[in-house]
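The lines below spell out each chain.
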Amino acid sequence: MSKKGKTSAIWIHFDEDGPNKALCKLQISIASGSLSNLRRHMSRRHPFTSINMERQAPAAVLHEEIDDIVQTSVNNDQPSTSTMQTSSDTTQTISSALKHSTSQPNITQYIQRPPPIRKQQKIDRQLLKMIAKGHHAFRIVEEPEFKNLVSLISHCPNYALPSRKSLSNNLLDSKYNEILAKLKVSTEAAFAVCITTDGWTSRANCSYLAITAHYIEGTELTSNVLACIEFNERHTAENIKCAIKDVTDDFGISHKISSILTDNAANVVAAAKLTNWRWIGCFAHSLNLAVKSSLSNVSEIITKVRNVVTYFHKSPNAWKMLAEAQKTT
């Protein structure tokens, strides 16, 4: 057998004895070039010896390289004062050769094997339990960010989830500041900006005001929420105008705003006009007001239909009878 072919880990346990023989304590035939006889011998005579190691460089070639290194070191006439340094360099060189001989990449490093069936089923059951107990939607498994999270965790088995306090106090603030800095750079680079604003009151009776910026970034229309702030001041035109200007000044875009779009509430319209920006009324809000006004002519019919719907919603028996009647017609 050619020495160049002796790269299998099995040769760690055998010596070559002629072209077609291998020697352990017994002489074993390898006439056909197959190593099956050697592996069979190891499994029968040495069952506790592992042969599943990384491929090694050919033993003879490796020994020849080490012999050459040692012989070169011996032949070089070094001064006596540098003998220890020469010995150290030789040792490092040999170690490097040994390390290089065992660092060949394995094909399994580039292949992602699917998990075993039982492990896959266990993970699926845990996912279903998380969705059920946490009241999550089934669509969570289709969300790209959730898929990215699972992919990252699968490559980091020792990852420990942060605490709730760490998420809210540290990670969230850090991410907010990072995104805020990027957003300021993006809006400052815009040639012109249009803003929209709206206010509302939550179920907890807290008032909020949101400002969104719309501008062209490159060749694409971009929309970003600049702020969503708690607004506890009186909802006068002056107070609303000051809140909007504070946000736009903070982003450095007050001088490049081409228009402001709001609903048709009187105080909001007055606030927009105080900014000296071009005001545009919300078309959707105007359309909604027009539809509400037109429905006043059919208010009696709407009231009757609403009463019918309310009756069936409150009576399960009536709802069942209605469903059966619909099936028969």
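Higher on the page you've got the structure.
Procedures and definitions
- Residues numbered from 1 in each chain as written.
- Predicted model: local features only at pLDDT ≥ 70, side-chain atom pairs only at ≥ 80, totals over all residues.
- Heavy atoms only, no water.
- Helix = DSSP H or I, 4+ residues; strand = E, 2+ residues; numbered from the N terminus.
- Buried < 20%, exposed > 50% of the residue type's maximum accessible area, 1.4 Å probe, protein only.
- Contact = heavy atoms within 4.5 Å.
- Areas by Shrake-Rupley, 256 points an atom, 1.4 Å probe, with all protein chains shown as cover.
- Phe/Tyr/Trp six-rings, centres within 6.5 Å; stacked < 30°, edge-to-face > 60°.
- Lys NZ or Arg CZ within 6 Å of the ring centre and 35° of its normal.
- Core = buried A, V, L, I, M, F, W, Y, C linked by side-chain atoms within 4.5 Å.
- Axes fitted to C-alpha atoms, helices over the stretch in contact; angles between N-to-C directions.
- Parallel < 35°, antiparallel > 145°, perpendicular 65-115°, else oblique.
- Left-handed = near helix turned anticlockwise from the far one by under 90°.
- Salt bridge = Lys/Arg side-chain N within 4 Å of Asp/Glu carboxyl O.
- Pairing = 2+ DSSP bridges.
- Patch = residues over 30% accessible without salt bridge, like charges linked within 9 Å, V, L, I, M, F, W, Y side chains within 5 Å.
- Lys, Arg positive; Asp, Glu negative; His and termini not counted.
- Charge placed at Lys NZ, Arg CZ, Asp CG, Glu CD.
- Nonpolar A, V, L, I, M, F, W, Y, C, P; charged D, E, K, R; others polar.

Student: A description of the overall build of the protein chain should follow, citing residues and the corresponding values.
Tutor: A count of helices and strands for the protein chain gives 11 helices and eight strands. Per-residue burial over the protein chain gives 21% buried out of 329 residues. Long-range pairs, those at least 24 residues apart, make up 42% of the contacts in the protein chain between residues at least 6 apart in sequence. In the form shown here, the protein chain has an accessible surface area of approximately 24,900 Å², with 56% of it arising from carbon and sulfur atoms.

Student: Let's hear about the packing of aromatic side chains: which residues, and what values?
Tutor: To describe a pair of aromatic rings, one takes the distance between the centres and the angle between the planes. Counting across every chain of the model gives two aromatic pairs. Aromatic pair Y311 and F312: ring centres 5.4 Å apart, planes at 70°, arrangement edge-to-face. Owing to a relative accessible area of 21%, F312 belongs among the partly exposed residues under this scheme. Taking NZ or CZ as reference, K184 lies 5.9 Å from the ring centre of F251, over its face.

Student: Let's hear about the nonpolar core: which residues, and what values?
Tutor: What tends to happen in soluble globular proteins is that the nonpolar side chains get buried as a cluster. V193, I195, I211, L226 and I244 are the most contacted members of the largest nonpolar core, which has 24 residues in total. Mapped by element, the contributors of at least two residues to this core are β4 (193-201), β5 (207-217), β6 (220-230), α7 (237-251), β7 (257-262) and α8 (266-274). It is α7 that contributes the most residues to this core, six residues altogether.

Student: Which residues make up the packing of α7 against α8, and what are the values?
Tutor: Where α7 meets α8, the axes come as close as 8 Å, and the angle between the chain directions of the two elements is 55°. Here α7 lies oblique to α8, going by the angle between them. Taken as a pair, α7 and α8 cross one another with a handedness that is right-handed. Each of A237, E238, I240 and K241 in α7 lies in contact with α8, whose residues at this interface are N267, V268, A270, A271 and L274.

Student: Account for the pattern of salt bridges, with residues named and values stated.
Tutor: Pairs may arise between side chains of opposite charge once their charged atoms sit close together. Per the stated rule, a full pass over the model turns up four salt bridges. In this structure, the salt-bridge partner of E178 is K175, at a minimum N-O distance of 3.7 Å. Residue E178 and its partner K175 are located together in helix α6 (residues 164-188), separated by three residues, close to a single helical turn. Residue class for E178 comes out partly exposed when judged on its relative accessible area of 36%. On the accessibility criterion, K175 (43% relative accessible area) is partly exposed. Notably, a salt bridge pairs E178 with K182, separated by 3.5 Å at the nearest N-O pair. With E178 and K182 both in helix α6 and four residues apart, the pair spans about one turn of that helix. Put simply, K175, E178 and K182 are held in one network by salt bridges that share partners.

Student: Go over the pairing of β5, please, and point to the residues and values.
Tutor: Bridge count between β4 and β5: eight bridges; the pairing is antiparallel. Across the sheet, D198 pairs through a bridge with A210, a residue of β5. Hairpin connection of β4 to β5: five residues between the antiparallel strands, including N205 at a positive phi of 65°. Two elements, β5 and β6, share 10 bridges in a ladder whose sense is antiparallel. What sits directly across from I216, in β6, is L221. In this structure, the hairpin formed by β5 and β6 is closed by a connection of two residues, where G218 is found at a positive phi of approximately 75°.

Student: Account for a positive patch on the surface, naming residues and giving values.
Tutor: Side chains of K119, K122, R125, K129 and K133 sit close together on the surface and give a patch of like positive charge. Note that K122 resides in helix α4 (residues 117-133). Relative accessible area serves as the criterion here: at 59%, K122 is assigned to the exposed category.

Student: Quick one: what's the story with the sheet that holds strand β8 (residues 278-281), residue by residue and with numbers?
Tutor: Spatially, the five strands line up as an open sheet ordered β6-β5-β4-β7-β8, and their pairing is mixed. The open sheet has two edge strands, β6 and β8, and neither has a second partner. Along the sheet, successive strands turn relative to each other by an average axial angle of 25°, direction set aside. Direction of pairing for β4 relative to β7: parallel, over a ladder of four bridges. When the sheet's bridge partners are listed, V193 is paired in β7 with I257. Packed onto the sheet, α8 meets β7 and β8 and runs at close to 175° relative to β7.

Student: Can you explain the packing of helix α10 (residues 299-314) against helix α11 (residues 316-328)? Please cite residues and give values.
Tutor: Taken N-terminus to C-terminus, the directions of α10 and α11 make an angle of 105°; their axes are 5 Å apart at the nearest point. Of the possible angle classes, the one that applies to α10 and α11 is roughly perpendicular. Where α10 approaches α11, its residues Y311, F312, H313 and K314 are matched on the opposing element by P316, A318, W319 and L322. Grouping the constituent residues of the contact of α10 with α11 by class yields six nonpolar, one polar and one charged.

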